[in-house]
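Reading the structure
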Amino acid sequence: MNEQKTDGQKKANKKIIIGIAVLLIAIAAFSGIYFLFGAKPVAGSKSITIEVVDDRQETTAYQLQTEVEFLRQAMEEAEGLSFSGTESEYGMMVDTVNGLTADYNTDGAYWSFYVNGDYCNYGIDSQPVLDGDIFSIRYTLATP
């Protein structure tokens, strides 16, 4: 009877080892995909525009000549642009721009980020900045 338990335990241990191996392979595969297709920063001088569209649809534009690689760094360099939010393991979640707070829990508002008219695929900490980019930061109300 002890041999049966030992065989059962061996099978269970083997399943656990196989499961861990599959998990490690999946993590390696996803890491490789991100490395190949993820955001790629570009060094060097760039000319970009950051536009902030507030809750009244009024736009304030900031022109920058910069060497930064990511949007958050550019936002920090933009004279007159202020922002804050909550830091997380994924970067900053912006909730306030130029003194205007978007509180999703209160009224369904949030700040949406666009690059060259398309929704940003990355957070501000990992969104690459390329020469000629136009970033829009828009106060947005969620639609019911």
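First, a word on scope: everything that follows refers to the structure included in this document.

Here we look at a nonpolar patch on the surface
On the surface, Ile16, Ile20, Leu23, Leu24 and Ile27 cluster together into a nonpolar patch covering about 490 Å² of accessible area. Inspection of the secondary structure puts leucine 23 in helix α1 (residues 2-37).

Some remarks on the sheet that holds strand β5 (residues 100-101)
One key point about sheets: their strands pair by backbone hydrogen bonds, in either a parallel or an antiparallel sense. Within the open sheet, the three strands sit side by side as β3-β4-β5. Their pairing is antiparallel. Unpaired on one side and paired on the other, β3 (83-88) and β5 mark the two borders of the sheet. Relative to β5, strand β4 (residues 91-97) is paired through two bridges, and the arrangement is antiparallel. Paired with valine 97 across the two strands is leucine 100, which belongs to β5.

Some thoughts on the sheet that holds strand β6 (residues 109-115)
Spatially, five strands are ordered β2-β1-β8-β6-β7 in an open sheet, and the strand pairing comes out mixed. Each edge of the open sheet carries a strand with a single partner, namely β2 (59-66) and β7 (118-119). In the sheet, β6 pairs with strand β8 (residues 134-141) via seven bridges, with the strands oriented antiparallel. Each bridged residue has a counterpart across the sheet, and for tyrosine 114 the counterpart in β8 is serine 136.

Here's the deal with the nonpolar core
If you look at soluble globular proteins, the nonpolar side chains tend to sit buried side by side. Formed by 26 residues in total, the largest nonpolar core has its most connected members in Ile50, Met75, Trp111 and Phe113. When contributions to this core are tallied by element, the ones reaching two or more residues are β1 (46-53), β2, α2 (71-77), β4, β6 and β8. In terms of residue count, the dominant contributor to this core is β6 (four residues). Excluding residues within four positions of it along the chain, methionine 75 makes contact with Ile50, Leu81, Phe83, Phe113, Ile124 and Ile137.

Notes on the packing of aromatic side chains
Inspection of the entire model under this criterion finds three aromatic pairs. When the ring of tryptophan 111 is compared with that of tyrosine 139, the centres are 5.5 Å apart and the planes differ by 80°; the resulting orientation is edge-to-face. Remark: tyrosine 139 occurs in strand β8 and tryptophan 111 occurs in strand β6; sequence separation between them is 28 residues. Take tryptophan 111 and tyrosine 139: they sit in the same class, and that class is buried. On the basis of an interplanar angle of 90° and a centroid distance of 5.3 Å, the ring pair of tyrosine 114 and tyrosine 119 is categorised as edge-to-face. The ring of tyrosine 114 is capped by arginine 138, whose NZ or CZ atom sits 4.3 Å from the centre of that ring.

Observations regarding unusual backbone geometry
In this structure, glutamine 57 takes a positive phi of about 65° despite not being glycine. Residue position: glutamine 57 is located in the loop between β1 and β2. With a phi angle near 50°, asparagine 98 is a residue other than glycine that sits in the positive phi range. The class of asparagine 98 is partly exposed, set by a relative accessible area of 31%.

Reading the values: rules and limits
- Residues numbered from 1 in each chain as written.
- Predicted model: local features only at pLDDT ≥ 70, side-chain atom pairs only at ≥ 80, totals over all residues.
- Heavy atoms only, no water.
- Patch = residues over 30% accessible without salt bridge, like charges linked within 9 Å, V, L, I, M, F, W, Y side chains within 5 Å.
- Areas by Shrake-Rupley, 256 points an atom, 1.4 Å probe, with all protein chains shown as cover.
- Salt bridge = Lys/Arg side-chain N within 4 Å of Asp/Glu carboxyl O.
- Helix = DSSP H or I, 4+ residues; strand = E, 2+ residues; numbered from the N terminus.
- Pairing = 2+ DSSP bridges.
- Core = buried A, V, L, I, M, F, W, Y, C linked by side-chain atoms within 4.5 Å.
- Buried < 20%, exposed > 50% of the residue type's maximum accessible area, 1.4 Å probe, protein only.
- Contact = heavy atoms within 4.5 Å.
- Phe/Tyr/Trp six-rings, centres within 6.5 Å; stacked < 30°, edge-to-face > 60°.
- Lys NZ or Arg CZ within 6 Å of the ring centre and 35° of its normal.

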